[in-house]
Amino acid sequence: MKVYRLCSEEEYENMMNTKSYESLGKECKKNRMLSNHQYQPDQKYLHFFKDFASIFYFYVREGTYVCTYDIPDELLKQYEGIGKYLDRINMRNYDYVTEYAIPNKEMDFSYLSKIDKVTRTIEFEEILFDEHIDGLETVYDREQKPDIIIDSDENHAGKK
């Protein structure tokens, strides 16, 4: 299932350089006011949203990255929970949002599908009319095939 995560430039660079999640994530303590996740001590977790729009509970600003993952359903079901966030419009009421807190040791780089760099601040309202697209630049796409490079000498052989 596709899930989404907002990450910093530091996390992006670490992930792309190491192709690993070993040093990523953070240790969390159980806090019923924020979520119903069952965190284990001395374990780092990465959090993911079920819906793309949920990343807008955070400040989606220039220099951050929107990561799309395709994580096996069995793994997601194991770590599914509900997070509590201030609503995105008035910032007065709470929304209860499906999210996943997965131990970093259970993550595999092959789950990463796509990374979009945020090139300008994007407001939540923009996604309602697809006005956010120009604020994202794809920097990694697992499905993208590399261009075929043709040797320039072969291209020009026999031509003068």
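Residues numbered from 1 in each chain as written. Predicted model: local features only at pLDDT ≥ 70, side-chain atom pairs only at ≥ 80, totals over all residues. Heavy atoms only, no water.

Next up on the list: unusual backbone geometry. For Asp 42, which is not glycine, the phi torsion reads 55° and is therefore positive. Following the sequence through the fold, Asp 42 ends up in the loop between strand 2 (26-27) and strand 3 (44-49). Look at Asp 42 and you get exposed, because its relative accessible area is 69%. A positive phi angle, close to 60°, is found at Met 91, a residue other than glycine. (Helix = DSSP H or I, 4+ residues; strand = E, 2+ residues; numbered from the N terminus. Buried < 20%, exposed > 50% of the residue type's maximum accessible area, 1.4 Å probe, protein only.)

Attention shifts here to the environment of Phe 52. Mapped onto the elements of the fold, Phe 52 is located in the loop between strand 3 and strand 4 (65-70). Take Phe 52: its relative accessible area is 23%, and that puts it in the partly exposed class. Each C-alpha atom of the pair Phe 52 and Gly 135 lies 15 Å from the other, and the pair is 83 residues apart in sequence. Setting aside residues up to four positions removed in sequence, Phe 52 forms contacts with Tyr 4, Val 66, Ile 127 and His 132. (Contact = heavy atoms within 4.5 Å.)

When pLDDT is low, close inspection of the predicted coordinates is not appropriate. Taken over all residues, the pLDDT of the protein chain has a mean of 88, while the share at 70 or more is 90%. In this model, residues 148-160 is a region of pLDDT below 50 whose contacts with residues beyond four sequence positions or in other chains number one contact. (pLDDT = per-residue confidence, 0-100.)

This next bit is on the nonpolar core. Ranked by size, the top nonpolar core spans 24 residues in total, and within it Tyr 69, Ile 71 and Leu 112 carry the most contacts. Of all the secondary structure elements, the ones that give two or more residues to this core are strand 1 (2-7), helix 1 (9-18), strand 3, strand 4, helix 2 (73-78), strand 6 (94-103) and strand 7 (112-118). The contact partners of Tyr 69, leaving out residues within four places of it in the chain, are Met 1, Lys 2, Val 3, Arg 5, Met 15, Tyr 21, Phe 48, Met 107, Tyr 111, Leu 112 and Ser 113. Judged by nonpolar contacts, the second largest core, of 15 residues, contains Tyr 57, Val 66, Val 118 and Phe 124. (Core = buried A, V, L, I, M, F, W, Y, C linked by side-chain atoms within 4.5 Å.)

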